[in-house]
Amino acid sequence: MGEVKLHGFWASPFSHRVIWALKLKGVEYEYMEEDLSNKSQLLLQYNPAHKKIPVLVHRNKPVAESLVILEYIEETWPENPLLPLDACDRAMARFWINFGEQKNNRRGTRENREEVAQILKTIEEKALGDNNFFGGNTLGLVDLSFGWLPHWFEVTEQVQARSYWIRLLCRVLHAWAQNFKQVPVIRDNLPDPQKLSAHLKRLRGNLLKN
Ligand SMILES: N[C@@H](CCC(=O)N[C@@H](CS)C(=O)NCC(=O)O)C(=O)O
């Protein structure tokens with residue numbers, strides 16, 4: 001203990017990406033919950049550019065940004081690989097992670113629902129195809145990077161009182177989401193849906209006020 005620390009926030013899908021990767025690799029770590037309204041001095045020191053969680057600290061050296069952390073974990077603990085061995089397949093995995101991330105960052109903008117649906121359709125048809133997981137039969141970094149979809153997207157949809165339209169529109173992606181949530185490491189490390197829903201409602205309420 002003490003060698004690996006993770007600064008995170010219980011409701012953050014970005015923290016969860018890192019938690020899942022560490023657990024899948026069997027890496028022991030100490031978890032430091034951050035109060036995002038009163039960030040610790042250590043967090044500010046470790047991530048001075050963004051001042052955001054997650055930050056992984058390994059042997060007293062910080063690594064910030066969830067996708068950068070995932071790559072660091074994969075390089076540092078190569079056992080149970082989360083990226084394909086073939087360089088071309090690895091490049092494709094990184095392409096889809098990048099694609100999803102750019103689209104994920106635009107979720108909060110005025111993009112309408114049809115556009116979001118189009119993005120999800122592209123991911124479903126071009127990246128997932130007939131596979132159980134993005135990497136084939138086992139979970140990999142692409143799955144972890146899209147891991148906000150099954151739980152957070154679902155709870156957000158409920159908070160916004162919309163029907164769960166992805167289930168109807170993207171059946172293959174929906175089936176993937178169910179596979180994903182059944183993997184023990186994922187199933188056992190998801191925030192409580194009721195608590196998350198209350199948290200997202202509060203956030204939405206604050207956003208609507210401003
Ligand atoms: N691109 C970053 C996003 C991290 C992020 O947005 N973290 C949020 C919590 S979900 C945060 O620390 N917010 C605090 C703030 O913005 O002050 C990543 O992938 O790590």
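Per an unreviewed UniProt entry, the protein goes by the name Glutathione S-transferase and belongs to Thlaspi arvense. Of the protein, the UniProt comment under Subcellular location (unreviewed entry) reads exactly: "Cytoplasm, Cytosol". For the record of the protein, the UniProt heading Catalytic activity (unreviewed entry) holds the text "RX + glutathione = an S-substituted glutathione + a halide anion + H(+)".

A. Fine view of the site of the ligand. What surrounds the ligand is the set Ser12, Phe14, Leu36, Lys39, Lys52, Ile53, Pro54, Glu65 and Ser66. One nitrogen or oxygen atom from the main chain of Ile53 is found 2.9 Å from a nitrogen atom belonging to the ligand. In the environment of the ligand, an oxygen atom lies 2.6 Å from a nitrogen or oxygen atom belonging to the side chain of Ser66. Its free accessible area being 510 Å², the ligand has 74% of it covered by the protein chains. Among the residues making up the shell around the ligand, the classes are represented as four nonpolar, two polar and three charged.

B. Structural detail: the domain arrangement of the protein. Domains assigned within the protein are domain 1 (4–76) and domain 2 (87–209). Measuring from the centre of the C-alpha atoms in domain 1 to the corresponding centre in domain 2 gives 21 Å. Each side of the interface is counted separately: domain 1 has 16 residues, and domain 2 has 20 residues. When the two sides are added together, the surface that domain 1 and domain 2 hide from each other amounts to roughly 1,700 Å², 73% of it contributed by carbon and sulfur. Looking at the side of domain 1 facing domain 2, the largest losses of area belong to Trp10, Arg17 and Trp20, adding up to 39% of the total buried there. Viewed at the interface, domain 2 and domain 1 are joined by two salt bridges. Between Glu101 and Arg17 there is a salt bridge, with the nearest N and O atoms lying 2.8 Å from each other. Viewed at the interface, domain 2 and domain 1 are joined by five residue pairs in polar contact (both at pLDDT 80 or more). Of all the elements in the fold, those that place two or more residues in the side of domain 1 that touches domain 2 are helix 1 (13–25) and helix 3 (66–76). A total of nine residues in the side of domain 1 that touches domain 2 trace back to one element, the largest contributor, which is helix 1. Residues belonging to the side of domain 1 that touches domain 2 are distributed by class as follows: 11 nonpolar, two polar and three charged.

What counts as what
Each chain carries its own residue numbering, running from 1 in the direction its sequence is written. Since the coordinates come from a predicted model, pLDDT governs what is reported: local features require at least 70, and pairs of side-chain atoms require 80 or more to be given and counted, while whole-chain, interface and lining totals use all residues. Excluded from the side-chain calculations are hydrogens and water; all other atoms, namely the structure's heavy atoms, are used. UniProt positions are given in the numbering used here, feature names are shortened, and annotations may be inferred rather than shown by experiment. We call a residue near a molecule or strand when any one of its heavy atoms sits within 4 Å of it. Think of a polar contact as two N or O atoms within 3.5 Å of one another; within protein, one of them needs to be a possible hydrogen donor and the other a possible acceptor, and neighboring residues in sequence only count if both atoms come from side chains. The method behind every accessible area is Shrake-Rupley, applied with a 1.4 Å probe, and residues are considered shielded solely by the protein chains displayed. Gly is placed with the polar residues, together with every amino acid not listed as nonpolar (Ala, Val, Leu, Ile, Met, Phe, Trp, Tyr, Cys and Pro) or charged (Asp, Glu, Lys and Arg). Start and end positions for the domains come from either an automated domain assignment or a database one. Here a residue-residue contact requires only that any non-hydrogen atoms of the pair lie within 4.5 Å. Buried area: the sum, over both parts, of the accessible surface (1.4 Å probe) that disappears when the two are put together. Salt bridges, as used here, are contacts in which a Lys or Arg side-chain nitrogen is within 4 Å of a carboxyl oxygen on Asp or Glu. Helix numbers and strand numbers start at the N terminus; a helix is a DSSP run of H or I with at least 4 residues, a strand a run of E with at least 2.

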